[in-house]
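Coordinate inspection notes
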Amino acid sequence: MMKIKLFFFVIWEILFLVACQENTKKDNEPFIPEDVVPDKLTIEPESIDLKVGESCQLVVKLNGTPLEGNEVQWTSNSSLLDVDDNGKVTVVDYDEFISGLNVKATVKGGQLFAICRVSVHQLYNYKLRLILKDKGRSEYSLSEPERFLSSRAIERRHKQDIDIDDLDLPISKNYLAQIEEIGGTIIAQSKWLKTVCVQCPDEDLIDKYKELPFVEDVIKVWRGKDREQNQDNYEDYPLYIKNIQDYSSENYAEAWENIALHKGQLLHERGFRGEGIDIAVIDAGFINLPQNSVLNNIRIKGARSFIYEDTNPYNTDEHGIGVVACMATDRSGYYVGTAPDAAYWLLRSEDVISGDYPVEEDYWVAAMEYADSVGVDLVNTSLSYIEYEWPFTSYKYEDMDGRTAMPTRAADIAVDKGIFVVCCAGNGGSWVGTPADSPNVLTVGAVTASGNIVSFTAYGMTVDGRMKPDVMSLGSGVSTIDVNGNVVIKSGTSYASPILCGLVACLWQAYPELTNKQLLDILKRSSDRYVDPALPYGYGICDMEKAFHLAEEIRHIDYR
């Protein structure tokens with residue numbers, strides 16, 4: 001009995017202590033009437049989806065009642081967003097690597113706040129490369145080549161026993177009309193590679209293009225913000241001004257080392273300075289060249305830009321100035337290039353404003369086909385394609401096999417059409433890019449005036465086991481002309497290439513009956529390492545005196 005009483009006493013004590021603790025807790029809590037609820041701050045809308053340049057007016061409500069602007073402090077968590085004192089948020093820029101954007105409204109000294117989530121999208125324009133299964137039924141006939149090729153282009157083919165074939169026929173106008181009917185603007189096309197490049201504001205058109213029965217694939221080659229087209233309405237015009245200079249070998253002045261490395265002055269002394277030879281220069285731009293006081297006597301047959309947004313070859317970039325000057329300058333006693341009597345076509349294929357994108361290959365190929373159609377004999381291109389802006393895929397070493405990259409394939413076809421193509425090796429210090437990997441172009445690396453390799457010269461074995469570059473020319477301490485007409489010193493394979501290209505023109509003037517492939521063989525055989533070629537020199541430095549004698553010996557031998 002005693003045990004039972006003790007048990008109930010313990011239970012009672014426990015309940016008493018628990019009740020005391022509950023009362024103590026309630027005494028410490030503030031009294032809240034049942035009809036009062038906590039303040040609630042909200043933003044309407046609570047999330048928004050905007051494009052760059054777009055705005056949205058946000059409204060802040062406290063317990064459902066809109067607040068005035070002076071009652072709210074507005075902030076954003078990124079410089080990509082701008083929000084004013086009244087809650088109007090505007091997207092000012094875009095960065096695809098930044099997420100979690102928001103706008104914050106704060107009231108009552110920071111005690112209450114609300115957040116609006118912001119998603120931002122960039123309105124991209126796209127350039128798309130349509131790869132065609134075929135070119136369709138042509139409106140032209142191979143029996144009437146004069147309708148789609150110039151007389152010089154036809155003559156060059158006949159001279160080298162080259163047939164005019166289906167590659168020469170343009171893409172069907174019906175195909176082009178069907179492409180444009182879907183949308184976008186055709187900005188480049190290749191009859192050789194069966195491609196059409198289209199600019200459009202909607203990537204959803206890709207599926208529609210793929211539905212066309214003659215389209216094999218569609219590849220993105222550029223994306224970016226909309227850019228206004230240059231409105232200067234450039235019209236091409238030839239510059240036939242030519243001041244014939246009194247000539248002697250002492251008058252090269254600052255350009256002497258450029259030509260002396262190859263004994264090229266011997267061709268000039270024999271009267272071969274490129275007359276009758278047309279050279280196309282495919283480059284980044286030729287800013288203000290017609291106004292250049294030193295270069296304004298060059299014989300320019302035409303100039304053209306293949307950039308969709310900018311059709312003026314003369315309004316940007318000076319790279320092409322230095323390249324052309326190495327060949328074309330004719331200022332006795334000041335500077336004489338390696339082919340001062342040749343005629344030139346200046347073709348711009350680089351969009352230097354936009355950056356490095358695969359679409360530049362489409363522009364380059366279009367320039368090469370144009371050069372063929374107007375009948376040029378040689379092409380110099382001091383350009384190399386390897387790396388591209390993210391998210392586009394750059395080339396790998398395995399792609400440099402002489403038959404894969406778009407410019408390489410176009411260069412090979414150009415050679416098959418009778419054009420002699422000279423290309424710089426590039427300045428990457430590693431394997432060469434495209435079109436330098438082509439087995440049919442003369443790829444030129446850089447050496448010093450003493451014949452030593454320059455460290456930046458790209459070189460290596462191609463995937464199919466060929467050495468590149470093929471030969472060497474001066475690429476360090478090169479004298480050339482700048483945009484102001486001054487003699488300047490430059491370095492790069494970009495200048496080695498035109499120095500040698502000009503001398504090829506002079507040699508071809510001396511022996512016009514030779515084919516482009518015979519000339520290529522002669523130049524390799526004339527080089528100082530021809531018997532024992534080795535990287536990084538390839539066949540070495542061309543000797544134009546030796547090349548002249550080799551041409552004389554074989555001029556009546558049929559290499560074709």
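As the structure is a prediction and not an experimental result, all values here were calculated from the model.

In this section: the overall build of the chain. Of the regular secondary structure elements, the chain holds 12 helices and 27 strands. Split into buried and exposed, the 560 residues of the chain put 52% on the buried side. For the chain, the share of sequence-separated contacts (at least 6 apart) that also reach a separation of at least 24 residues comes to 74%. Just so you have it, the chain exposes about 26,000 Å², and 49% of that area is on carbon and sulfur atoms.

With respect to the helices and strands, Arg156 occurs in helix α2 (residues 151–159). Classification of Arg156 by relative accessible area gives buried; the value is 4%. Within the structure, Arg156 has its side chain in polar contact with the backbone oxygen of Val376 (distance 2.7 Å). For Arg156, the residues in contact, after removing those within four places along its chain, are Asp372, Gly375, Val376, Lys417, Gly418 and Ile419.

If you trace the 3 strands from one edge of the open sheet to the other, you get β1-β4-β5, paired in antiparallel fashion. Two strands in the sheet have a free side with no partner beyond their single neighbour: β1 (41–44) and β5 (65–66). As defined by bridge partners, strand β4 (residues 59–62) adjoins β5 across 2 bridges and the pair is classed as antiparallel. Paired with Lys61 across the bridge in β5 is Pro66.

In this section: the pattern of salt bridges. Summed over all chains, the structure comprises 25 salt bridges. Between Glu309 and Lys127 there is a salt bridge, with the nearest N and O atoms lying 2.7 Å from each other. Taken as a pair, Glu309 in the loop between β16 (300–305) and α7 (319–328) and Lys127 in strand β11 (residues 125–132) lie far apart in primary sequence, 182 residues in all. Using a relative accessible area of 3% as the deciding quantity, one classes Glu309 as buried. Looking at Lys127, the relative accessible area reads 1%, which means it is buried. Measuring nitrogen to oxygen at the nearest pair gives 2.9 Å for the salt bridge that ties Asp372 to Arg157. Residue Asp372 is located in helix α8 (residues 359–374), and its partner Arg157 is located in helix α2; the two are separated by 215 residues in the primary sequence.

Another aspect to go through is a negative patch on the surface. Taken together, the side chains of Asp202, Asp204, Asp207 and Glu211 make up a negatively charged region of the molecular surface. Here Asp202 is to be found in the loop between β13 (195–200) and α4 (205–210). Classification of Asp202 by relative accessible area gives partly exposed; the value is 32%.

We now examine the sheet that holds strand β12 (residues 185–190). The antiparallel open sheet is built from 4 strands, whose spatial order is β12-β13-β11-β14. In this open sheet, the two edge strands, each paired with only one partner strand, are β12 and β14 (215–224). Across this sheet, the average inter-strand angle for adjacent strands is 20°, counted without regard to direction. As paired strands, β11 and β14 are joined by 8 bridges and run antiparallel to one another. Paired with Leu132 across the bridge in β14 is Val215. Each of β11, β12 and β13 is contacted by helix α3 (residues 173–182), which is oriented at about 145° to β12, the strand it contacts most.

The buried fraction of β16 amounts to 5 of the 6 residues, a majority that puts the element mostly inside the structure. The pairing of β16 with strand β19 (residues 343–348) spans 5 bridges and is parallel. Bridging from a neighbouring strand, Ala303 pairs with Leu346 of β19.

Our next topic: helix α10 (residues 493–510). Each α-helix winds once per 3.6 residues, and so residues spaced three or four apart point in a common direction. Compared with an ideal rise of 1.5 Å per residue, which puts 18 residues at 26 Å, α10 spans 26 Å between its outermost C-alpha atoms and is within 8% of the ideal. With 18 of 18 residues buried, α10 lies mostly within the body of the structure.

Once that is clear, we can look at the packing of α8 against helix α9 (residues 406–416). Where α8 meets α9, the axes come as close as 9 Å, and the angle between the chain directions of the two elements is 5°. Here α8 is positioned roughly parallel relative to α9, judged by the angle of their axes. Residues Glu361, Asp362, Trp364, Val365 and Met368 of α8 touch α9, and the partners they reach there are Met406, Pro407, Ala410, Ala411 and Ala414.

This part covers the packing of α7 against α10. Taken N-terminus to C-terminus, the directions of α7 and α10 make an angle of 30°; their axes are 7 Å apart at the nearest point. Of the possible angle classes, the one that applies to α7 and α10 is roughly parallel. Note that α7 runs across α10; the crossing there is right-handed. For the pair α7 and α10, the contacting residues are His319, Gly322, Val323, Cys326 and Met327 in the first and Ser494, Tyr495, Pro498, Ile499, Cys501 and Gly502 in the second. The residue makeup of the contact of α7 with α10, split by class, is 7 nonpolar, 4 polar and no charged.

Further remarks concern a nonpolar patch on the surface. The grouping of Tyr459, Met461 and Leu535 at the surface amounts to a nonpolar patch, some 240 Å² of accessible area in total. Inspection of the secondary structure assignment puts Met461 in strand β23 (residues 460–461).

Rules used in this analysis
Throughout this document, residue positions are counted from 1 along each chain, in the order its sequence is written. Totals for whole chains, interfaces and linings use every residue, but because this is a predicted model, local features are given only for residues with pLDDT of at least 70 and side-chain atom pairs only at 80 or more, for both listing and counting. Side-chain metrics in this entry use all non-hydrogen atoms of the structure; hydrogen atoms and water are not considered. Numbered from the N terminus, helices here are DSSP runs of H or I no shorter than four residues, and strands are runs of E no shorter than two. Exposure is judged per residue with a 1.4 Å probe applied to protein chains only, and the accessible area is read against the type maximum: over 50% gives exposed, under 20% gives buried, and values in between give partly exposed. Contact definition: two residues touch when any of their heavy atoms are within 4.5 Å. Using a 1.4 Å probe, the Shrake-Rupley method yields the accessible areas, and only the shown protein chains count as cover for residues. Definition of a polar contact: a pair of N or O atoms within 3.5 Å, with one able to donate and the other able to accept a hydrogen when the atoms are protein atoms, and with sequence-neighbouring residues admitted only if both atoms are side-chain atoms. The rule for pairing is simple: two strands pair if DSSP sees at least two bridges between them. We define a salt bridge as a side-chain nitrogen of Lys or Arg found within 4 Å of a carboxyl oxygen belonging to Asp or Glu. The patches reported here contain residues having more than 30% relative accessible area and no salt bridge. Joining distances are 9 Å for like charges and 5 Å for nonpolar side chains (Val, Leu, Ile, Met, Phe, Trp, Tyr). Counted as positive: Lys and Arg. Counted as negative: Asp and Glu, with His and the chain ends omitted from the count. Where a charge lies is defined by one atom per residue type, namely NZ (Lys), CZ (Arg), CG (Asp) and CD (Glu). Note on geometry: axes are C-alpha line fits, over the in-contact stretch for helices, and angles between N-to-C directions span 0 to 180 degrees. An expected span of 1.5 Å times one less than the residue number is assigned to each helix. Each angle is binned into one of four classes, with values under 35 degrees roughly parallel, values over 145 roughly antiparallel, values of 65 to 115 roughly perpendicular, and all other values oblique. Should the near helix be turned counterclockwise from the far one by less than a right angle, the crossing is left-handed, whereas a clockwise turn marks it as right-handed. Three categories are distinguished: nonpolar for Ala, Val, Leu, Ile, Met, Phe, Trp, Tyr, Cys and Pro, charged for Asp, Glu, Lys and Arg, and polar for the others, with Gly belonging to the last.

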